[in-house]
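A structural walkthrough
These are the residues of each chain, in order.
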Amino acid sequence: MMEKADSGQKLYTRMRLWEFPDQYVIEPTDGSHGSSLAVSRVDGSMQLIDKLPDSNSVRVPKIRTIFGVVGILKLLAGSYLMVITDRECVGSYLGHPIFKVSSLKVFPCDHSLKNSPTEQKKMETEFSGLLNIAERTPGLYFSYETNLTLSAQRLHDLGDESKLLPLWRQAEPRFLWNNYMLEGLIDSKLDPYLLPIVQGSFHHFQAAIGKDIIDVTLIARRCTRRNGTRMWRRGADSDGYVANFVETEQIMHLNGFTASFVQVRGSIPLLWEQIVDLTYKPKFELVRLEESPRVAERHFLDLRKKYGAVLAVDLVNTHGGEGRLSEKFANAMQHIVSDDLRYWHFDFHHICGHVHFERLSILYEQIVDFLDRNGYLLLNEKGEKMKEQLGVVRTNCIDCLDRTNVTQSMIARNMLEGQLRRLGIFAAEETISSHPNLDECFKILWANHGDDISIQYSGTAALKGDFVRCGKRTMQGIAKDGINALLRYYFNNFVDGTKQDAIDLLQGHYIVSVSRDMTPSSQKGGLEAVASFPLALSFVLTGFFFATLSLRQVRYDLRHLFFSVIWAGLSVAIAAFVRANGRIFCNRPRLHKPRC
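Residues numbered from 1 in each chain as written. Predicted model: local features only at pLDDT ≥ 70, side-chain atom pairs only at ≥ 80, totals over all residues. Heavy atoms only, no water.

As recorded in an unreviewed UniProt entry, the protein chain goes by SAC domain-containing protein and comes from Prunus armeniaca.

So, in structure tokens, the structure goes:
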């Protein structure tokens, strides 16, 4: 029955999900009059049907409205249907509405699990529990009408035949967040249900410049090839795909003209890691150092194929662990730099410190020749290409979050000013800062963008966000950075391991099968069964609290000196035990043997 699906048919924008005891039925309700999709609750198999199943007093279905099918994920014995249960329109991309996923829900198709062995049921429960985390995935966006995975320049360059293809076939696989979960629907030729989704951010604003109205949009697209969380995904894999790789596109509309400027960020493209061990900043560990030149070469070869010329801007420190990592990066780049691949190191912390971010103008002066030469996309009122972007700036620090976002926002600001001069809106010396409303909107745009990417990778908003948002460092911003740094430490050690498992499962980096060598998570007994960071922290804080109380009473009674030493000693002992037994307290992932 699958041949009923028409590949040229548009995506369904609104559907009704019927929950029958033996199947789920997804009925289009947007006026498309297409066939409904029936999904078996026994094994997840799918078929198109023209008539809804009968209902009666015994067979009463639950009914809910949904706005898209994310896909189907198969585990050991059951399959799991993921759908969008709520959405929010957040703006438009090249004239097409863009929606943010407000709510996801997973529906199990696991009735066959009833006849499975006990051990398999147990493991299925563990794996399916990770889908509860998947339902809370932040920063998911989609469009029913245009391909959000492609930049404006790539969309403009699509051939007429490609533009007629279903959106999922036009999509850039690197940025298709639900690529793996769509495989079953693709095999069944269910094009009207195949909704491409990207993870990243989407923000826009309008502002007046005299009598002209400027519309600026900022889109971030996260790559799924080495997707994950801070500390748990670092560096590159053997194919050159790096952690936290994000394509950021700034689009400007003004008086019928459209300008687009793309930048990218990504982890240092070497084989390196930071093993979570309860220290605030785990040591940087380089892996298979002899492969570094080859891995870096693969990474930049891929970038050059996709973006043209590349300028790699390295913002890490020159001393300590960062310095050693930067040195290896620079050494690897020596073998592959060329006319269209440049490497530039800029010690952000040494030059800018923690407050003088305006000194980034030094960096801009050093790279402005590359930016002028490689430019940006510019389309006239007729949609004709007047100028195209021939290269990309690739920026990195260690996390590719905070220093990177400050730097990218500075470059984007200068490029937008250049575009406005090109269109005759700005005079030669006029800047965005000359227009307070435009200036404030631009700062907020990039600050929100930085927070979104940071939350997805580290669990907190970006550090140094006060400079991006306000144009200067503030005491409130510095204090907020301190709190976020502590939260990142907590998430790294006690939350992100399980979150990483969920990401690997959703994106096919770990495929569950009965034939795999799967060792169930060991049952912990004794102290390990109750050990957790909050519990350990409460013991430590309680110990120091009583030690402080006892010290205040020492001048009245020397016995309190003894108790102060006892309480302080217990606190230090517990802290030392937590440090020495990091593997007990750290939330390490259960999944292993990732798919290459």
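Brief notes about the overall build of the protein chain
Assigned secondary structure in the protein chain consists of 18 helices and 20 strands. Residue burial in the protein chain is summarised as follows: out of 596 residues, 54% are buried. In the protein chain, the proportion of contacts linking residues at least 24 apart, taken out of those at least 6 apart, comes to 68%. Carbon and sulfur atoms make up 54% of the accessible area of the protein chain, which amounts to about 26,700 Å² in all. (Helix = DSSP H or I, 4+ residues; strand = E, 2+ residues; numbered from the N terminus. Buried < 20%, exposed > 50% of the residue type's maximum accessible area, 1.4 Å probe, protein only. Contact = heavy atoms within 4.5 Å. Areas by Shrake-Rupley, 256 points an atom, 1.4 Å probe, with all protein chains shown as cover.)

What to know about the pairing of strand β3 (residues 36-40)
For β3, a buried count of five out of five residues is recorded, marking the element as mostly surrounded by other parts of the structure. Neither face of β3 is open: one carries Ser36, Ala38 and Ser40, the other Leu37 and Val39, and all of them are buried. Bridge analysis of strand β2 (residues 23-28) against β3 gives four bridges, and the strand direction is antiparallel. Following the sheet pairing, Gln23 is matched in β3 by Ser40. The pairing of β3 with strand β4 (residues 46-49) spans four bridges and is classified as antiparallel. Directly across from Val39, in β4, lies its bridge partner Met46. Between β3 and β4, which pair antiparallel one after the other, the connecting turn spans five residues, and Gly44 there sits at a positive phi close to 80 degrees. (Pairing = 2+ DSSP bridges.)

Re empty space enclosed by the protein
Counting across every chain of the model gives six cavities of 30 Å³ or more. Around the second largest cavity, the lining residues are Ser143, Thr146, Asn147, Leu148, Thr149, Leu167, Pro196, Ile197 and Val198. Here the residues of the lining of the second largest cavity sort into five nonpolar, four polar and no charged. (1 Å grid on protein atoms, 1.4 Å probe; cavity = no way out; pocket = protein on both sides within 12 Å on 5 of 7 lines; lining within 4 Å. Points joined across faces, edges and corners; volume = space filled by probe spheres on them. Nonpolar A, V, L, I, M, F, W, Y, C, P; charged D, E, K, R; others polar.)

As for the sheet that holds strand β5 (residues 62-66)
Here we have five strands laid out as an open sheet, ordered β4-β3-β2-β1-β5, and antiparallel in their pairing. If you trace the sheet from one side to the other, it starts and ends with β4 and β5, each paired once. With direction set aside, neighbouring strand axes in the sheet form an average angle of 25 degrees. (Axes fitted to C-alpha atoms, helices over the stretch in contact; angles between N-to-C directions.)

What to know about the nonpolar core
Counting residues in each nonpolar core, the largest one holds 43 residues, and the members touching the most others are Ile214 and Leu420. Here this core gets seven residues from one element, more than from any other, and that element is helix α10 (residues 402-422). Sequence-distant contacts of Leu420, that is, excluding residues within four places in its chain, are made with Ile209, Ile214, Met252, Leu254, Ile425 and Phe426. The next biggest cluster of nonpolar side chains, apart from the first, holds 32 residues, and it includes Val70, Val106, Phe127 and Tyr144. (Core = buried A, V, L, I, M, F, W, Y, C linked by side-chain atoms within 4.5 Å.)

Some points on the packing of aromatic side chains
Counted under the stated rule, the structure contains twelve aromatic pairs. Consider the rings of Trp18 and Phe20, whose centres lie 6.1 Å apart with planes at 5 degrees: the pair is stacked. Phe20 matches Trp18 in its accessibility class, with the two residues each being buried. A ring pair is formed by Tyr490 and Phe494, whose centres lie 5.6 Å apart and whose planes are at 35 degrees; its orientation type is tilted. Placement of the pair is Tyr490 and Phe494 together in helix α13 (residues 475-494), with a separation of four residues, close to one helical turn. Judged by relative accessible area, which is 12%, Phe494 ranks as buried. (Phe/Tyr/Trp six-rings, centres within 6.5 Å; stacked < 30°, edge-to-face > 60°.)

Comments concerning helix α7 (residues 320-334)
A rise of 1.5 Å per residue sets the reference length of α7, with its 15 residues, at 21 Å; its end C-alpha atoms lie 21 Å apart and thus fit the reference within 8%. Considered for burial, the residues of α7 that qualify are Gly321, Glu322, Gly323, Leu325, Ser326, Phe329, Ala332 and Met333. (Expected span 1.5 Å × (residues − 1).)

Topic: the layout of surface pockets
In this model, the second largest pocket occupies a volume close to 630 Å³. Surrounding the second largest pocket, 31 residues form its lining, Glu145, Thr146, Lys163, Leu167 and Gln170 being those nearest its centre. For the lining of the second largest pocket, the secondary-structure elements that each account for two or more residues are α2 (152-156) and α4 (167-170). If you count residues domain by domain, the lining of the second largest pocket takes at least three from each of domain 1 (10-195) and domain 2 (202-507). (Domains from an automatic or database assignment.)

Considering unusual backbone geometry
With a phi close to 60 degrees, His33 is a non-glycine residue in the positive phi region. Position of His33 relative to the elements: it lies in the loop between β2 and β3. With relative accessibility at 77%, the residue His33 sits in the exposed group. Positive phi, close to 75 degrees, is recorded for Met231, a residue that is not glycine. Met231 sits in the buried class, given a relative accessible area of 6%.

Side note on the pairing of strand β6 (residues 68-74)
Here β6 lies mainly inside the structure; six of its seven residues are buried. Across six bridges, β6 lies against strand β7 (residues 79-93) in antiparallel orientation. Bridged to Val69 within β7 is Val83.

Considering the side chain of Glu417
Locating Glu417 in the fold gives a position in helix α10. Other than its neighbours up to four places away in sequence, Glu417 contacts Phe426, Thr431 and Ile432.

Considerations on the pattern of salt bridges
Summed over the entire model, instances satisfying the criterion amount to 21 salt bridges. Between Arg233 and Asp504 there is a salt bridge whose closest N-O contact spans 3.0 Å. With Arg233 in the loop between β11 (212-222) and β12 (246-254) and Asp504 in helix α14 (residues 496-506), this residue pair connects regions lying 271 residues apart in the sequence. Each member of the pair, Arg233 as well as Asp504, carries the same accessibility label: buried. (Salt bridge = Lys/Arg side-chain N within 4 Å of Asp/Glu carboxyl O.)

Here's the deal with the packing of helix α1 (residues 118-134) against α14
Where α1 meets α14, the axes come as close as 9 Å, and the angle between the chain directions of the two elements is 95 degrees. Relative to α14, the element α1 lies roughly perpendicular. Contacts from Phe127, Leu130, Leu131, Ile133 and Ala134 in α1 reach Thr498, Lys499, Asp501, Ala502, Leu505 and Leu506 in α14. Among the residues forming the contact of α1 with α14, the class breakdown is eight nonpolar, one polar and two charged. (Parallel < 35°, antiparallel > 145°, perpendicular 65-115°, else oblique.)

Section: the packing of α10 against helix α11 (residues 436-458)
Running from N to C, α10 and α11 cross one another at 145 degrees; their axes reach a closest spacing of 10 Å. Seen along the crossing, α10 lies across α11 with a hand that is right-handed. For the pair α10 and α11, contact is made by Asn405, Gln408, Ser409, Ala412, Arg413 and Leu416 and by Asp439, Phe442, Lys443, Trp446, His449 and Gly450, respectively. Classifying every residue of the contact of α10 with α11 gives four nonpolar, five polar and three charged. (Left-handed = near helix turned anticlockwise from the far one by under 90°.)

Some words on a nonpolar patch on the surface
Taken together, the side chains of Val355, Met475 and Ile478 define a hydrophobic patch exposed on the protein surface, amounting to about 290 Å² of accessible area. Positionally, Met475 belongs in helix α13. (Patch = residues over 30% accessible without salt bridge, like charges linked within 9 Å, V, L, I, M, F, W, Y side chains within 5 Å.)

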